[in-house]
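So you can see what is in the structure, the chains are spelled out below.
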Amino acid sequence: MTILPLKAIRFNPIRVGNLEDVVTQPYDKIDRFMRDAYYQKSPYNIVRVIRSREVDVRGEEGYFRAGRLWNQWLRGGILVQERDPAYFLYRQKFSIEGQSYCRHALVGLLDLNKSERVLAHERTLSGPRTDRLKLIRQTESNDGLIFLVYRDHNQSLLTLAELAQDLVPLESVLDEYQTQNDIFRLDPSQCGEVASVLEKAELIIADGHHRFSVALQFMQECQSKNWKPAATESFDKRMVALVEMSDPGLVILPTHRVVFGVHPFHFQSWHTKMTETFDCRGVPDMKELLRMLKDAGPGSFGVLAVDRWLLWTRKEKPHPEDLDASILQEDILAKTLGITEQQISDESRIRYFREPAKAAQDVKLGNGQLAFFLNPTRIEQVEACARRHEVMPQKSTDFFPKMLSGMLFMKMEIDKGL
């Protein structure tokens, strides 16, 4: 099978108390301030392993210390393993701008030997890959989930989710973004239809490109040492969470951009260049701009330039599979502002914001020259891009909410022939 049940490891509630004090957002979303807050919550917060301060202070030795702490928690009963293998249902309830959503994911183990059926759409960077590889060498575990999406016209996962509605969650956490995170244990016999679909479906990475790349690299390292899997839970598997693409709770948020440091920059000259490809309309304020942007559809961008709110729409209607992020990058940032792909990659001319108000404030305070507001990428575009084996521009997708680290773990059993 492609997706297998697992003997998951969980925090022992008797030892750690409130689960909300020990889980975190995914490692790549944890900035210095979040890390400090997580450290204050509990001596058992998983941030002490996945984003340890020891790494910043001691470098290579820091990864060793993080791994040693992880293993101390295992030996000391802070972490405990389920007796029987199971699939898990991960339900997240959340609200965006007053609208409520509910998203469901099936958690299991992906057989990495069948990884050719996993499609990516992001370019991975050597820094994060090296960081995660150094950690996994020490912990030999999965501490977070890779978020995958797949297509099932029968929506069998949602049928399974309905069966879980009357169950008491195995774990329940309200996170800092007011998302309710619930984990339900499922008997493998309940999941036959979903497992059958997943056996044939292509799986597309939503979040976790670096984690997936590192899982494959670590498997290759283990195989080169002639290590062997000693259980289902081993280096040839990776813990994943799978969401069906038609799930009504599958939400992608836009990421807005602020341009800074472009010299020389003259608004009227830039405006003239833009009118060669785009039509422009003036708008009174940000609220109206965002409303009009949503109605304008593909190929449209909201812009704040000093104190002017503008809606730009490309004159030539884009193909349905064309990404607004690509149009912005190629037709505006490169052609009208001279921003290179390297400057976009190293973020030396671009800052990214989830909240439109923060992007606008950055310009109003004089820190940026132009704010660009985008509509969200559609899941059909993500799917089409992945199937074409193309790479999306940076920050093309923001799947919300993120799946927490620390709800479930997988510890690898490895026969090292010692």
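Just so it is clear, the model here is predicted, and its values are computed rather than measured.

Visitor: A description of helix H10 (residues 267-274) should follow, citing residues and the corresponding values.
Guide: Taken together, the buried positions of H10 are Phe 267, Trp 270, His 271 and Met 274. Buried residues of H10, viewed axially, fall in a sector of 100°; they line one side. Buried residues belonging to H10 abut strand S16 (278-283), strand S17 (300-305), strand S18 (308-314), helix H12 (324-334) and strand S20 (370-373).

Visitor: Talk me through the packing of helix H7 (residues 156-164) against helix H8 (residues 192-200); I want residue IDs and the actual numbers.
Guide: At a minimum axis distance of 9 Å, the contact between H7 and H8 shows a crossing angle of 155°. The pairing of H7 with H8 is recorded here as roughly antiparallel in orientation. Handedness of the crossing formed by H7 with H8: left-handed. Side by side, H7 and H8 meet where Ser 156, Leu 157 and Leu 160 of the first sit next to Glu 193, Val 194 and Val 197 of the second. Its residues assigned to classes, the contact of H7 with H8 comprises four nonpolar, one polar and one charged.

Visitor: Tell me about the packing of helix H5 (residues 60-75) against helix H6 (residues 126-139), and please be specific about residues and values.
Guide: Packing of H5 against H6 leaves a shortest axis separation of 8 Å and a crossing angle of 40°. The orientation of H5 with respect to H6, classified from their angle, is oblique. Where H5 crosses over H6, the handedness of that crossing is right-handed. Residue-level contacts link Glu 60, Tyr 63, Phe 64, Ala 66, Gly 67, Trp 70 and Asn 71 of H5 to Asp 131, Lys 134, Leu 135, Gln 138 and Thr 139 of H6. Its residues assigned to classes, the contact of H5 with H6 shows five nonpolar, four polar and three charged.

Visitor: Explain the nonpolar core residue by residue, including any values.
Guide: Grouped together as the largest cluster of nonpolar side chains are 96 residues, with contacts concentrated most on Phe 11, Tyr 90, Leu 106, Val 149 and Leu 203. By residue number, the principal contributor to this core is helix H9 (residues 209-224), which donates six residues. When residues no more than four places from it in sequence are discounted, the contact partners of Phe 11 are Val 16, Leu 19, Val 22, Tyr 44, Ile 46, Trp 73, Ile 78, Leu 79, Gly 406 and Phe 409. By size, the runner-up hydrophobic cluster in this structure holds 24 residues, among which are Phe 267, Phe 301, Ile 332 and Ile 344.

Visitor: An account of the pairing of strand S15 (residues 256-259) is needed here, citing residue identities and associated values.
Guide: The side-chain alternation of S15 yields two buried faces, one formed by His 256 and Val 258 and the other by Arg 257 and Val 259. When S15 meets strand S19 (residues 350-353), the two strands line up antiparallel, connected through four bridges. Looking at S19, one finds that His 256 is bridged to Phe 353. Bridge count between S15 and S20: three bridges; the pairing is antiparallel. Note on S20: the bridge partner recorded for Arg 257 is Phe 372.

Visitor: Describe the pattern of salt bridges, and please don't skip the residues or the numbers.
Guide: For the coordinates displayed, the defined rule picks out 29 salt bridges. In this structure, Glu 82 and Arg 10 form a salt bridge, with 3.1 Å as the shortest nitrogen-oxygen distance. Highlighted residues: Glu 82 in the loop between strand S3 (79-81) and strand S4 (87-96) and Arg 10 in strand S2 (residues 9-11), separated in sequence by 72 residues. Both residues of the pair, Glu 82 and Arg 10, count as buried. Between Lys 402 and Asp 207 there is a salt bridge; the shortest N-O distance is 2.9 Å. Taken together, the positions of Lys 402 in the loop between strand S21 (398-400) and strand S22 (410-411) and Asp 207 in strand S11 (residues 203-207) put the pair 195 residues apart, joining distant regions of the chain.

Visitor: Can you tell me about the sheet that holds S17, naming the residues and giving the values?
Guide: With antiparallel pairing, six strands are arranged side by side in an open sheet as S16-S18-S17-S20-S15-S19. Looking at strand neighbours, the two that pair on one side only are S16 and S19, the edges of this open sheet. Going from strand to strand, the sheet's axes swing by 25° on average, the running direction of each strand aside. Bridging between S17 and S20 involves three bridges; their strand directions are antiparallel. When the bridges of S20 are listed, Gly 302 appears paired with Phe 373.

Visitor: Which residues make up helix H11 (residues 286-296), and what values do they have?
Guide: Each α-helix winds once per 3.6 residues, and so residues spaced three or four apart point in a common direction. Within H11 the residues assigned to the buried category are Leu 289, Met 292 and Leu 293. Burial along H11 is one-sided: seen end-on, the buried residues are contained in an arc of 105°. Set apart from the buried face of H11 by more than 90 degrees, the exposed residues are Lys 287, Lys 294 and Asp 295. Capping the start of H11, Asp 285 holds a side-chain oxygen 3.4 Å from the backbone nitrogen of Lys 287, two or three residues further along. Once H11 ends, the next one or two residues include Gly 297, with phi positive near 80°.

Here is what the cut-offs are and how they apply
- Residues numbered from 1 in each chain as written.
- Predicted model: local features only at pLDDT ≥ 70, side-chain atom pairs only at ≥ 80, totals over all residues.
- Heavy atoms only, no water.
- Buried < 20%, exposed > 50% of the residue type's maximum accessible area, 1.4 Å probe, protein only.
- Helix = DSSP H or I, 4+ residues; strand = E, 2+ residues; numbered from the N terminus.
- Arc of directions from axis to C-beta.
- Contact = heavy atoms within 4.5 Å.
- Axes fitted to C-alpha atoms, helices over the stretch in contact; angles between N-to-C directions.
- Parallel < 35°, antiparallel > 145°, perpendicular 65-115°, else oblique.
- Left-handed = near helix turned anticlockwise from the far one by under 90°.
- Nonpolar A, V, L, I, M, F, W, Y, C, P; charged D, E, K, R; others polar.
- Core = buried A, V, L, I, M, F, W, Y, C linked by side-chain atoms within 4.5 Å.
- Pairing = 2+ DSSP bridges.
- Salt bridge = Lys/Arg side-chain N within 4 Å of Asp/Glu carboxyl O.
- Polar contact = N/O pair within 3.5 Å; in protein donor to acceptor, adjacent residues only side chain to side chain.

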